[in-house]
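Working through the structure, step by step
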Protein chains: 2
Amino acid sequence: MSEKLVYRFGAGTADGGAEMRELLGGKGANLAEMCSLGLPVPPGFTITTAVCNAYFGSGDAYPRGLAAEIDGALAEIEHSVGAGFGDAKNPLLVSVRSGAPASMPGMMDTVLNLGLNDRTVEGLAARAGDRRFAFDSYRRFIQMYGSVVLGIEHHFFEDLLENHKLESGAVLDTEIDAGGWEALVGRYKALVAERLGEPFPQDEREQLWGAIGAVFESWMNRRAVTYRKLHDIPAHWGTAVNVQAMVFGNMGEDCATGVAFTRDPSSGENVFYGEYLPNAQGEDVVAGIRTPRHLTRAAREAAEADAPSMEETMPAAYGALCGIRGTLEAHYRDMQDIEFTVQSGTLWMLQTRAAKRTARAALRAACEMVDEGLIDRAQAVGRIDPLSIDQLLHPTLDPAAPRTRFVRGMPASPGAASGRAVFSADEAETRARAGEKVILVRTETSPEDIHGMHAALGILTSRGGSTSHAAVVARGMGRPCVVGASELAIDYRAQAMTARGVTVKAGQTITIDGSAGEVMLGAVATVEPELSGDFGRLMGWADAFRGLGIRANAETPADAETAIHFGAEGIGLSRTEHMFFDAERIVAVRRMIVAATEEDRRAALARLLPMQRDDFADLFRIMDGRPVTIRLLDPPLHEFLPRGEDEIAGVAAAAGVSAEAVRRRAHELAEVNPMLGHRGCRLGITYPEIYEMQARAIFEAAARVIVQDAKPVLPEVMIPLIATKAEFDLLKTLVDRVAREVAEAEDVELDYMTGCMIELPRAALRAGEIAGTAEFFSYGTNDLTQTVFGLSRDDSSGFIRAYDELGVLERDPFVSIDVDGVGELVRIATERGRATRPDIKLGICGEHGGDPDSVAFCHRIGLDYVSCSPYRVPIARLAAAQAAIAEGGKESG
Amino acid sequence: MSEKLVYRFGAGTADGGAEMRELLGGKGANLAEMCSLGLPVPPGFTITTAVCNAYFGSGDAYPRGLAAEIDGALAEIEHSVGAGFGDAKNPLLVSVRSGAPASMPGMMDTVLNLGLNDRTVEGLAARAGDRRFAFDSYRRFIQMYGSVVLGIEHHFFEDLLENHKLESGAVLDTEIDAGGWEALVGRYKALVAERLGEPFPQDEREQLWGAIGAVFESWMNRRAVTYRKLHDIPAHWGTAVNVQAMVFGNMGEDCATGVAFTRDPSSGENVFYGEYLPNAQGEDVVAGIRTPRHLTRAAREAAEADAPSMEETMPAAYGALCGIRGTLEAHYRDMQDIEFTVQSGTLWMLQTRAAKRTARAALRAACEMVDEGLIDRAQAVGRIDPLSIDQLLHPTLDPAAPRTRFVRGMPASPGAASGRAVFSADEAETRARAGEKVILVRTETSPEDIHGMHAALGILTSRGGSTSHAAVVARGMGRPCVVGASELAIDYRAQAMTARGVTVKAGQTITIDGSAGEVMLGAVATVEPELSGDFGRLMGWADAFRGLGIRANAETPADAETAIHFGAEGIGLSRTEHMFFDAERIVAVRRMIVAATEEDRRAALARLLPMQRDDFADLFRIMDGRPVTIRLLDPPLHEFLPRGEDEIAGVAAAAGVSAEAVRRRAHELAEVNPMLGHRGCRLGITYPEIYEMQARAIFEAAARVIVQDAKPVLPEVMIPLIATKAEFDLLKTLVDRVAREVAEAEDVELDYMTGCMIELPRAALRAGEIAGTAEFFSYGTNDLTQTVFGLSRDDSSGFIRAYDELGVLERDPFVSIDVDGVGELVRIATERGRATRPDIKLGICGEHGGDPDSVAFCHRIGLDYVSCSPYRVPIARLAAAQAAIAEGGKESG
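1. Topic: the overall build of chain A
Check the secondary structure of chain A and you find 35 helices and 32 strands. The dimensions of chain A, computed from C-alpha atoms along their principal axes, are 100 × 60 × 50 Å. Contacts in chain A between residues far apart in sequence, at least 24 positions, make up 68% of those at least 6 positions apart. A total accessible area of about 33400 Å² is found for chain A, and carbon and sulfur atoms account for 49% of it. Within chain A, one finds 91 positive and 127 negative side-chain charges whose respective centroids are separated by 1 Å.

Here it is, written out as structure tokens:
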């Protein structure tokens, strides 16, 4: 490697800058950027992500020249700080932190106070004039280094600390004096020697290289790999290592450490928001072990807290911080999440990065930043993670609903959720896989819990503040979260939690309100959110950018109304069979299925006709002239069959046949691979009377709405599971005939289209031919994914976990469209379909329609619309706008 | 239409010729050709297939100008024959016959004696001096015209004839005198008038146009549509209509009609072979109603028949026929099937066409024609229908096997078959669908029986000769057939047949030997055929032309030996799981499946290892250095699970677990869509120890054969169900590691390849990527067809019949590769695979590998080999040679 391996920063200058995120990681790039902005940053240097990749690429060896570059950079820090690395009199201490190009909170390990040893600790004590501080720092270093670099589990150190407290009668760390810490340092070193078989490293360079190696190694630990998978971060990005002169927030009462957001990350309000801990170091705030204090007086007063705010206790440092807040927002034009330390009254900036925020906060901040002239509308639209707005679209607690309050905590991530309490991440995942709704309850969460947090509908902790791990991660995931419910006594062994004499066991239902910070017993009714204000403004901007139409999948009037409420421009998929399961109808459906002759079948269908007609008429009225794509019967008939003996007897009685005949029919219809069986258009071809009834219901409903309601109606009749043009042509002929008959009988002009699903590879390949008669295509990428991969969703549980762990599938192809395989067939079909019929209408229906990356793909290949579940419509609108903006699209209208 | 609509022939000249088959149909083209050759052909004309297409294309209307052209051509016939159409004194009578570009025996209807009416019949009587002949001709005309053109079912006429015989005491037609026929004509006309509501048409031109229309309409009748579907004849080819002056084989004892083959169509021997009936007309020979006589004296003597041969009774006409036989073979350079009539001692040729023949006959004739210098080797290879040689490759009766003879008949199509006797085509089809082996038994067959003949393994009739419908069709289909077993009394109502006091009921097993003309009770043991002589010569020529390699799918030593016997150049698919079902092994397999831990699983696998190793060693030894492609475990584990309670208990005992645990495991493994489930490489990824065992068995077997037998071994390890390169790479790493370990442990050098099945659409699309590490691809077009069509073979029975009837699928995609869909993916994968790895080895395995059209497709896209079942290897060799010849390929070596 001939490039520069180490980038220095400090004292108003830096080798790097914010734009070098890929090479320096987010933290390193921003430290450099802050230096260039003239902010007070302890000097240091960043070892690049290229070194990380070289390290893994060469079997864990460092590139040549790295040591020399580090030595040079260290010398510069020594010079700047005026201390010497390993100098027994005036030791330079450094922190070693990871910093990847994408924020991975809590994923990577950190070592503070590196450079301390039996000699330099004395120098530190002398220079600080505080022997207690020095040995506290030393024991912290041994503990961190021991667990992170040497692999000795954290709890061994904690046990020694707890023993020491018991022996000495101390309760809080602050009650331990210098001698106590010194004694503990001795025990820590003995622990290390015992478990490692060699003494704790005393050489500061050996310490440094150990820490650098540990940071790199942690890039490949299980937590990091899991996080990357969850957030689609490629492994080859690598992490940088930041080595920086230590500053101390724990050198006395004029010291502090804190975390702040330039705006409220929960509401987005333009207020300074944060927490600090006096006389504390590094990770104490985010670790959630001590409850931190408010940054501002206003926040303290609002919370009716006693502990004074930083604004009150350290007005000068606070004033400097407020100035920096303004500088950072003006510079980055985005909400920042900052870490700082006050050492002996002097403010030092340790980190700045784009703040994680709730969707509500993101919307408000984006809108207000447009108003403030900080960003333009395209930037505002681009600022919102489409998936995040999901949290705004789901129900919140109905204010009028009765509830039994259990405990209070701090509101850490908005929204409400009910679910069964579970006390471990693994159980959360297991139950969620089984289809249960769960709330994960922990004293505090750690990166090991991420899979459980992901599986849970909500998170509750008894410790920690609003910047604790649980709070930060929950907001990122859009899960409601209540933290610091300190009244809760959680007993993992008993799988229960108790507060105020009430015990909730694992499996009992609770409800959390992440906006209010409340926990209720049982389930509590919810209400739909209001979609106005910032949401409405921003979605309006998004709509002006996007080119892709957005429709919803809806069958019921309620779904259709929700769809319109969320801005759907039509219905892209109405699954007629969903209407078949209604209690009254299922009997007629089953009579139709068990019918022995076409005549009997027609009689049963005649009973269904008026019901389907009413369904469609309702949809047409609600959609008021917007296109409505109706898919004719798709699932195999056996899906509608009665299961138990009671149901069988009922159907037999209704159909006037024997129970044995019903069972025989069920046996006849059973399939080995129903996914590839007698379904879709194959039903329409073998039982044309079924499709005929459905077509008649559609056109009679259309005629009715046109005549009675004087509303236009645009039905799009969609044939599922087409593999050949011959199938489509047969059924289009049937549909056209029925349309003609209805138009003549009702004396109306019917405007409609007939098209098909493209959900089989063959249909995609033969799209050019099929487009000869099909007026539209709707890509059924769910089924297409199943056939392209040869992968039944229902049966993948046996191996999908192994696939995930082995990284066989980069992303779940059922969540985000497999661009390389499924996507290529969609692209082929689009090209071929358009070549035959340039104005063919092309859309996608199914779950991918609500996935932002899939929406972007649909935009890129030029589809006309995507259709998704009503609740996903705003996500799709936003994703479509971002895709257009990414291609340089301008606002319309 | 401005082209010529009517082509004339006769008197040594013709407008058309043999090369105009598409326009004139086979019969018309050959009639024209025979005229040009100067053969005695009654004059006539052919209405082109273009007229047929115009007729159907314009809603059953004739093109303008047709009537004028027909009038002109008729006038020419009148002039040539010296008679007038409709002339009461000297009437011209014509035949009207269909004639499609492809031979469709018995499919199209024929009308003879057209032009007869109440006036002209008297003229005919006077001119022929035979009133009986004239009225017999008239009643035949009314009967044929009535059923074919007017749609009055045949049996109405037969009933009147039978009644007349009863009334008059006549037994044979020949016993009816002129008055009798005249009376019957009256009754026939009354029948027509009654059923039709109008009199039988007396106008000869109305008769002619009616017959022409009926020929065209019959192109679309169900029999014709079925036949075309069975033989892949496109509907748009259309049929021509041949109108030709009548000659009479029934004007007296110096008249005859007959059918002959220029060589023996059963053995291929270069002898004149045929039958004739004196004083008979048209269809009497092929209809099988009267048993015809031998053409030659030699044949008569060989059959020990009494009735004199044509050679003996009509030496002059016979001599002329022998001359024509020579002329035709020299001209067409192929075996001909001819129809002739002798009218008052004069020979007339009515038809010549390429003769249908058995595969044995085709081989012998082709070889002998090469020896005779008539054709070259490429033509000889091209002459053999690859599918037809299937009949040579299957067992014949073991001469030593005990048997109980039931009856004798005539040998009509060679080969032997055992199956349950069935008495209707529908039942044959139904039972065959249910997997039963059936023999179709009929008094005689007709085109309505074709679907049943296709479904049956053999055909037995009590009437008819070796050119009867049953015999001709059975030979074409390659089914063993015995005809004319006249002792048999077949009672359709009782569903039974009786001979010599023995009754065989439907469902009882019989055996027929189509080479000997014998029928046995029960099943009789069979032996493999000898594959030498003509077969060996012709296959040798084929091998010299083909470029495509041919391998076999084989697991057992017996299969592998058969494969080599049939000329396989390697094994293209060895399904390791087929070895798992052996009684001894299945227990170990099941223990492996129910194992709770990897350790238990490894223990069970360790017991399987030596068995699989022995299997592979056997294969390697037999294949003696030829490549052997071994597919690692593919089917889902539940396929191996015990079914009944006894088996469950057995497995539980063997594995040392409870029956409940076995049932639970079975429940866990159950799948909704096993075709798309946990199988193929997904098993290898989740249970790497299984593939590891199999890889170890392969390489240890290879090492053993290399060391102990000093034979080279070329294993090709094949990973099934690959969807992504990541899957393949994971498993290739495992295979390579095991190979390395075995090579080191056994100290041998192992030469092997690792590749994968391409059987999922995604793998085909990503072939370029996968070829980065895969050294070969084998297209699994069975599964690819299932995923490309979204069609489970197991579940298609519910709709595939309707699809067939509606013509939705032109061909069954599981029989012949769907070139447009599945084929395109194979083409894409081939291009992409080769782009990455130019020398990648490409093959196909599965049933398409033995289908000639699919083999031709594989040749065209440049695959290296096809692999099929051992019995299909010769078919594939021949098909590959024909594909190469079609592209102008030359002989090698």
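2. What to know about the packing of helix α31 (residues 781-789) of chain A against helix α33 (residues 822-836) of chain A
Residue and element names in this part refer to chain A. Remark: α31 packs on α33, axes separated minimally by 9 Å, with the N-to-C direction vectors making an angle of 115°. Along this stretch, α31 crosses α33, giving a crossing that reads as right-handed. Seen from α31, the contacting residues are Thr781, Leu784, Thr785, Val788 and Phe789; seen from α33, they are Val822, Leu825 and Val826. Of the residues in the contact of α31 with α33, the class split is six nonpolar, two polar and no charged.

3. Concerning the side chain of B:Asp783
All names here are of chain B. Along the chain, the position of aspartate 783 falls in helix α31 (residues 781-789). According to the relative accessible area criterion, aspartate 783 is buried, its value standing at 12%. Within the structure, aspartate 783 has its side chain in polar contact with the side chain of arginine 679 (distance 2.8 Å). For aspartate 783, the contacting residues outside a window of four places in its chain are Met675, Arg679 and Glu759.

4. Regarding the interface of chain A and chain B
Across the contact, 44 residues belong to chain A and 44 residues belong to chain B. Taking both sides of the interface into account, the surface hidden between chain A and chain B amounts to around 3900 Å²; carbon and sulfur atoms contribute 61%. Looking at the side of chain A facing chain B, the largest losses of area belong to A:Leu676, A:Arg762 and A:Asp795, adding up to 15% of the total buried there. A salt bridge links B:Arg762 to A:Asp818, with the shortest nitrogen-to-oxygen separation between them at 2.7 Å. Across the chain A-chain B interface, the total number found is 18 residue pairs in polar contact (both at pLDDT 80 or more). Of all the secondary-structure elements, those providing two or more residues to the side of chain A that touches chain B are α26 (681-686), α28 (725-746), α29 (761-765), α31, α32 (797-805) and α33 of chain A.

5. As for the relation of the copies chain A and chain B
For the pair chain A and chain B, the superposition axis carries a translation of 0.1 Å, the fit reaches an RMSD of 0.1 Å, and the rotation angle comes to 180°. In symmetry terms, the pair is related by a two-fold rotation axis. By C-alpha distance to the rotation axis, the residue of chain A lying nearest is A:Asn673, at 2.1 Å. Most of the interface of chain A is mirrored in chain B, where 100% of its interface residues are also at the interface.

6. Quick notes on the sheet that holds strand β21 (residues 502-505) of chain B
Residues and elements named next belong to chain B. The three strands are arranged β19-β20-β21 in an open sheet whose pairing can be described as antiparallel. Looking along the sheet, the strands with just one partner apiece sit at the ends: β19 (489-491) and β21. Ignoring which end each strand starts from, the neighbouring axes of this sheet average 20° apart. As judged from the four bridges shared by strand β20 (residues 496-499) and β21, these two strands associate in the antiparallel manner. When the bridges of β21 are listed, alanine 496 appears paired with lysine 505.

7. Regarding the packing of aromatic side chains
All names here are of chain B. A full pass over the atoms with the stated rule returns 32 aromatic pairs over all chains. Ring centres 4.9 Å apart and planes at 75° place the aromatic pair phenylalanine 157 and tyrosine 188 in the edge-to-face group. Placement of phenylalanine 157 in helix α6 (residues 154-168) and of tyrosine 188 in helix α7 (residues 178-196) is noted, with a sequence separation of 31 residues between them. Considered together, phenylalanine 157 and tyrosine 188 belong to a single accessibility category, that of buried residues.

8. As for the sheet that holds strand β21 (residues 502-505) of chain A
Residue and element names in this part refer to chain A. As summarised here, the arrangement of the three strands in space is β19-β20-β21, forming an open sheet in which the pairing is antiparallel. Two strands bound the open sheet, and with one partner strand each, they are β19 (489-491) and β21. Going across the sheet, the axis of each strand differs from the next one's by a mean of 20°, ignoring polarity.

9. Quick notes on the pairing of strand β1 (residues 6-10) of chain A
All names here are of chain A. Burial within β1 is extensive, with four of its five residues counted as buried. With two bridges joining them, β1 and strand β2 (residues 13-14) adopt antiparallel strand pairing. Along β2, the bridge assignment pairs glycine 10 with threonine 13. Where β1 folds back onto β2 in an antiparallel hairpin, the turn is made up of two residues, including alanine 11, whose phi is positive at roughly 50°.

10. A word on the side chain of A:Ser574
Residue and element names in this part refer to chain A. Tracing the sequence through the fold places serine 574 in strand β26 (residues 571-575). You can call serine 574 buried: its relative accessible area is 0%. Ignoring any residue separated from it by four or fewer positions in sequence, one finds serine 574 in contact with Ala554, Glu555, Met579, Leu619, Thr629, Ile630 and Arg631.

11. Some details on the pattern of salt bridges
If you walk through the whole model with that rule in mind, you get 131 salt bridges over all chains. Here A:Arg766 ties to B:Asp820 by a salt bridge, and the two come within 3.8 Å at their closest N and O atoms. In this pair, A:Arg766 sits in the loop between α29 and α30 (767-770) while B:Asp820 sits in the loop between α32 (797-806) and α33 (822-836), so the two residues belong to two different chains. Overall, A:Arg766 belongs to the buried group, its relative accessible area being 17%.

12. A closer look at the nonpolar core
Residues A:Phe699, A:Phe777, B:Phe699 and B:Phe777 are the most contacted members of the largest nonpolar core, which totals 275 residues. Residues within four places of A:Phe777 in sequence aside, it is in contact with A:Cys756, A:Ile758, A:Ala767, A:Ile770, A:Ala771, A:Ala829, A:Gly833, A:Ile840, A:Lys841, A:Leu842 and A:Gly843.

13. Side note on the environment of B:Glu647
Residue and element names in this part refer to chain B. Tracing the backbone shows glutamate 647 in helix α24 (residues 645-655). According to the relative accessible area criterion, glutamate 647 is partly exposed, its value standing at 36%. Between the alpha carbons of glutamate 647 and alanine 659 there is a distance of 9.6 Å; along the sequence they are 12 residues apart. Apart from the residues within four sequence positions on either side, glutamate 647 is in contact with Arg590 and Pro642. Of the polar contacts made by the side chain of glutamate 647, one reaches the side chain of arginine 590; its length is 3.2 Å.

14. Quick notes on the environment of B:Gly650
Following the sequence through the fold, B:Gly650 ends up in helix α24. Each C-alpha atom, one on B:Gly650 and one on B:Arg590, is 9.9 Å from the other, the two residues being 60 residues apart in sequence.

15. Observations concerning helix α8 (residues 204-218) of chain B
Helical geometry: 3.6 residues make up each α-helical turn, so side chains three or four residues apart lie on a common side. All names here are of chain B. Compared with the 21 Å implied by 1.5 Å per residue over 15 residues, the 21 Å span of α8 between its first and last C-alpha is a close match. Among the residues making up α8, those that are buried are Glu204, Gln207, Leu208, Ala211, Ile212, Gly213, Ala214, Val215, Phe216 and Ser218. If you check the start of α8, you find a side-chain oxygen 3.1 Å away from the backbone N of arginine 205, and it comes from aspartate 203.

16. Considering unusual backbone geometry
Residue and element names in this part refer to chain B. Non-glycine residue asparagine 113 carries a positive phi angle of around 65°. Structurally, asparagine 113 can be placed in strand β5 (residues 110-114). With a phi angle near 45°, asparagine 279 is a residue other than glycine that sits in the positive phi range. Its place among the elements puts asparagine 279 in the loop between β8 (273-278) and α10 (284-287). Residue classification places asparagine 279 among the partly exposed residues on the basis of a relative accessible area of 23%.

17. Re helix α13 (residues 315-332) of chain B
Residues and elements named next belong to chain B. Over its 18 residues, α13 runs 25 Å from end to end, which matches the ideal 26 Å to within 8%, given 1.5 Å per residue. The complete set of buried residues in α13 reads Ala317, Tyr318, Leu321, Ile324, Arg325, Leu328, Glu329 and Tyr332. For α13, the angular spread of the buried residues around the axis is 130°, confining them to a single face. Away from its buried face by more than 90 degrees, α13 exposes Pro315 and Ala316. Phi turns positive, to about 55°, at arginine 333, one or two residues after α13.

What counts and how
Residues numbered from 1 in each chain as written. Chains lettered and ligands numbered in written order. Predicted model: local features only at pLDDT ≥ 70, side-chain atom pairs only at ≥ 80, totals over all residues. Heavy atoms only, no water. Helix = DSSP H or I, 4+ residues; strand = E, 2+ residues; numbered from the N terminus. Contact = heavy atoms within 4.5 Å. Areas by Shrake-Rupley, 256 points an atom, 1.4 Å probe, with all protein chains shown as cover. Lys, Arg positive; Asp, Glu negative; His and termini not counted. Charge placed at Lys NZ, Arg CZ, Asp CG, Glu CD. Axes fitted to C-alpha atoms, helices over the stretch in contact; angles between N-to-C directions. Left-handed = near helix turned anticlockwise from the far one by under 90°. Nonpolar A, V, L, I, M, F, W, Y, C, P; charged D, E, K, R; others polar. Buried < 20%, exposed > 50% of the residue type's maximum accessible area, 1.4 Å probe, protein only. Polar contact = N/O pair within 3.5 Å; in protein donor to acceptor, adjacent residues only side chain to side chain. Buried area = accessible area lost by both parts, 1.4 Å probe. Salt bridge = Lys/Arg side-chain N within 4 Å of Asp/Glu carboxyl O. Least-squares fit on C-alpha atoms with pLDDT ≥ 70 in both. Pairing = 2+ DSSP bridges. Phe/Tyr/Trp six-rings, centres within 6.5 Å; stacked < 30°, edge-to-face > 60°. Core = buried A, V, L, I, M, F, W, Y, C linked by side-chain atoms within 4.5 Å. Expected span 1.5 Å × (residues − 1). Arc of directions from axis to C-beta.

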